[in-house]
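The chain contents come next:
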Amino acid sequence: MSAAGRARALGAALALTLLGAVGCSGGGGGDDGRITLDFLSLAWQAESVEANKALVEEWNAANPDVHVRYVQGSWDNIHDHLLTSFEGGEAPDIIHNDASDLTDFANGGYLADLTGLLPEELRADVPEAAWSTTEYDGGIYGVPFLQEPRVLVVNSALLEESGARVPTPEDPWSWEEFEAASAAMTRDSDGDGEAETYGVAWSMKEPVTQTVNLALSTGGEVFTREDGKNVVRYDAADSSVAALINRQVHEDGTAAASSLGMSGSDTLPGFYDGRYAMLPLNFSFRQQVAQQAPDGFDWTVLPMPSGGEEHGLAQGVAPQTLSVAEESDHQQAAADFVSFVTEPAHQVDLALGDWMLPTSERALADPALATEEYGWRTGTRIADELRPSPVLGVRGYPEWKDKIATPALQEYYSGAIDLDKLRGKLTGDGQRILDRYQR
Amino acid sequence: MTTTPHVSRPPTRRRLARGAGRAGQYLALVCYLVFLGFPLVWLLSTALKSPQELGSIDPTWIPEHPTLENFRAAFDAQPLLRSALNSALVATSSAVIAVAIAVPAAYVMVRYRSRISQAGTVWVLVSQMFPFVLVIIPLFLVLRNLHLINSLPGLVVVYVVWNLPFSLWMLRGYVQAVPLSLEEAAAMDGASRLRTLTHVVLPLLTPGLVATLMFSFVTAWNEFFFALVLLKSPEKQTMSVILTHFIGAEGVADLGPLAAAALLATLPSLLFFALLQRRLVSGMLAGAVKA
């Protein structure tokens, strides 16, 4: 083919491509009188996506007049995605998100108040502590349905060899016992000062959420309300767990310094290899461990330590939520779908798919979640100790977290600054940020 | 009288230095290729590993037990082929349209110097300074009014607008490099302005056109946020959006299938480059010199 011929052929191909693209023009289906609701789901694990799609199909089969369309979303950029959709008037009717994102959207008037739209049965089945994560200014802006606490994923062989007592949700370790167990599992057989096995690996790539949530176990809060305003404090009760982590890394040598810059996933290879005996991880990480652990590797799931009887196994969580867009023309129908998805039996399906815990008390009692396998039983037994994360409802928290708390905590855990300086940054510069949102 | 041709041989030291220099060049080239190829090779290696191997503390370049399971899982979990087709349609269309608009615009800006063309040049530069988040909501509203939300043509329009300033800037440089005397010679030979453009200028611009096409195509192929926000229907989502479906909250990822899908996502761009890269140089002298 000549050059000119090739050029013509290329031009024709491109023109066809253009026509093809234009031919793919958007537009929904024909208007057949049915209500169509868009359900933006952030489920991402294969089992979870499957469970969500199955629920949508079941709903559509039972409700021919209210058709729900499954729209796959992504946790990546979800806030910006939703904000743009809200501003543009094109938001999905039903929105999957997590509770930490609801405050700003509720404050902006983007979410429907579900008070009065949900059945009493659902209201009664989910504990008040969970509902409080989605309440704002007297309204309910989401149904909390999945949550995940931090747990200890532990190498069973190393735990047994250490001789440490095996804790249970009813009789958990105190933080002092945890320190002792970490020391017992730490090994430096060649005496070079660098352990071959560390008792624990704290993954602190994103240090803020877990530092704040675990502060509840020792009676801390970090964020308090004074005269109707959010105030940051970082007293002994708030900083006790952070100080323990710092001590383990820099004084006791029982926690690996190298893991401080890692994400939870990054610490797993070292766990399988026996370099780390215990990993404090979110509950859903069990799925990765179950999938990746070498054959014959024995592991178990233990509750996080307790700061004392008065605090129990308290820790903060920000549940995943289902909300309805304020701009939806069919808020009641959307709320009905949310109620359907969050029925106890369905919450069990979703929890199994996501390796998380349901909020529904009836779902938590389901035999499918009562198994000891993969630590499910440990999770369900600590569920009623979970508290709303202190960060929920704090306007300006994302900026406080990104600009102040993350770098300050990273410096503290790395040993670059001491506790006093950390406190000064969190409560001084940090408070100024929160104040800007509360004028 | 015979003369013996004088053969000047470079001194041995100089030849050695030249050889060493050449070896250094090749070494640098190899290092650069390794640097460029590393992500792709690692991606391939990851895509072929089992979950157990991915969790190993001693990662290997070559999978010990290579498996295609990640590819199967990726295809099972997400509509990769459909999303790849969507990406190809959008990227190709937007690249072609952007270049089609940019070529005459660049020519006018270079050859017809006026205040308008100067203002246009400044505007092109200024438009590059707008942050992404500043334009997304207004753009969203404009597209909604035009009923172009959730449509591939809508996304094409966005990518054309987004790529046009840089495409224009690139082509402007190429047009400037075409000697004006060639156009004057063509005019003296009786060629019309259009004929001069199509038969003299355009062939000389081929490398520029190809480079700009490549730039526009790759930018559109990789773009994520516009596609995420503008396309609601699952059947219209592009590859970059689909890839994020393998990533969960707090950055936890289904690494094997993600690597498999990401590897497949790089293939069209590589193919596009392979097909067009010869054109980058083949048009350098086209139309300028009679054979």
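All values reported here derive from a predicted model rather than from experimental measurement. (Residues numbered from 1 in each chain as written. Chains lettered and ligands numbered in written order. Predicted model: local features only at pLDDT ≥ 70, side-chain atom pairs only at ≥ 80, totals over all residues.)

1. Structural notes on the overall build of chain B
And then number 1: Along its length, chain B carries 13 helices and zero strands.
And then number 2: Along its sequence from the N terminus, chain B presents helices and strands in the succession α-α-α-α-α-α-α-α-α-α-α-α-α.
And then number 3: Taken against the 2.2 N^0.38 rule, which gives 19 Å for 291 residues, the C-alpha radius of gyration of chain B at 25 Å runs more than 25% over that of a compact globule.
And then number 4: With respect to the principal axes defined by its C-alpha atoms, chain B has extents near 85 × 65 × 30 Å.
And then number 5: For chain B, with 291 residues in total, the buried portion stands at 33%.
And then number 6: The contacts in chain B between residues at least 6 apart in sequence include a share of 76% that link residues at least 24 apart. (Helix = DSSP H or I, 4+ residues; strand = E, 2+ residues; numbered from the N terminus. Rg over C-alpha atoms; globule rule 2.2 N^0.38 Å. Buried ≥ 20, exposed ≤ 12 C-beta atoms within 10 Å, placed from the backbone. Contact = placed C-beta atoms within 7 Å.)

2. Re the overall build of chain A
And then number 1: Along its length, chain A carries 18 helices and 16 strands.
And then number 2: Computed over the C-alpha atoms, the radius of gyration of chain A is 25 Å, within 12% of the 22 Å expected from 2.2 N^0.38 for a compact globule of 439 residues.
And then number 3: Taking the principal axes of its C-alpha atoms as reference, chain A extends roughly 75 × 70 × 50 Å.
And then number 4: For chain A, with 439 residues in total, the buried portion stands at 50%.
And then number 5: Considering only contacts in chain A between residues 6 or more positions apart, those separated by 24 or more positions represent 75%.

3. Some points on the UniProt feature "transmembrane region" (unreviewed entry) in chain B
And then number 1: In this numbering, the UniProt entry assigns the feature "transmembrane region" (unreviewed entry) to residues 23-44, 88-110, 122-143, 155-175, 196-221 and 258-276 of chain B.
And then number 2: From the first C-alpha to the last, residues 155-175 of chain B spans 29 Å; its make-up is 100% helix and 0% strand. (UniProt positions renumbered as here; feature names shortened; annotations may be inferred.)

4. A closer look at the interface of chain B and chain A
And then number 1: Contact residues are listed per partner, giving 41 residues for chain B and 39 residues for chain A.
And then number 2: Elements with a contribution of two residues or more to the side of chain B that touches chain A: helix H2 (51-54), helix H4 (80-111), helix H6 (132-145), helix H7 (152-177) and helix H10 (225-230) of chain B.

5. A word on the environment of Ser-306 of chain A
Residue and element names in this part refer to chain A.
And then number 1: Within the secondary structure layout, Ser-306 lies in the loop between strand S12 (299-303) and strand S13 (315-317).
And then number 2: Here Ser-306 falls in the buried class, since 24 other C-beta atoms lie within 10 Å of it.
And then number 3: Distance from Ser-306 to Glu-176, taken between C-alpha atoms, is 9.3 Å for residues 130 residues apart in sequence.
And then number 4: Beyond its immediate sequence surroundings of up to four residues, Ser-306 is in contact with Pro-172, Ser-174, Ser-217, His-311, Gly-312 and Leu-313.

6. With respect to the sheet that holds strand S8 (residues 198-200) of chain A
All names here are of chain A.
And then number 1: Taking strand neighbours across the sheet as the criterion, the four strands line up as S8-S11-S7-S12 in an open arrangement whose pairing is mixed. Two strands in the sheet have a free side with no partner beyond their single neighbour: S8 and S12. Here the strands of the sheet are splayed against their neighbours by 25 degrees on average, with no regard to which way each runs.
And then number 2: Where helix H8 (residues 175-185) meets the sheet, its contacts fall on S8 and strand S11 (276-282), and the angle it forms with S8 comes to roughly 150 degrees. (Pairing = 2+ DSSP bridges. Axes fitted to C-alpha atoms, helices over the stretch in contact; angles between N-to-C directions.)

7. Details of the UniProt feature "domain: ABC transmembrane type-1" (unreviewed entry) in chain B
And then number 1: On the UniProt side, "domain: ABC transmembrane type-1" (unreviewed entry) is annotated at positions that read residues 84-276 of chain B here.
And then number 2: As annotated, residues 84-276 of chain B has a helix share of 79% and a strand share of 0%, and its two end C-alpha atoms lie 20 Å apart.

8. As for the domain arrangement of chain A
Residue and element names in this part refer to chain A.
And then number 1: By domain assignment, chain A separates into domain 1 (35-147 + 318-388) and domain 2 (150-316 + 391-436).
And then number 2: Of note, the centres of domain 1 and domain 2, computed from C-alpha atoms alone, are 28 Å apart.
And then number 3: Contacts between the two partners involve 22 residues from domain 1, matched on the other side by 21 residues from domain 2.
And then number 4: Every element with two or more residues in the side of domain 1 that touches domain 2 is listed here: helix H4 (102-107), helix H16 (376-382) and strand S16 (386-388).
And then number 5: Of the residues belonging to the side of domain 1 that touches domain 2, the class tally is 10 nonpolar, eight polar and four charged. (Domains from an automatic or database assignment. Nonpolar A, V, L, I, M, F, W, Y, C, P; charged D, E, K, R; others polar.)

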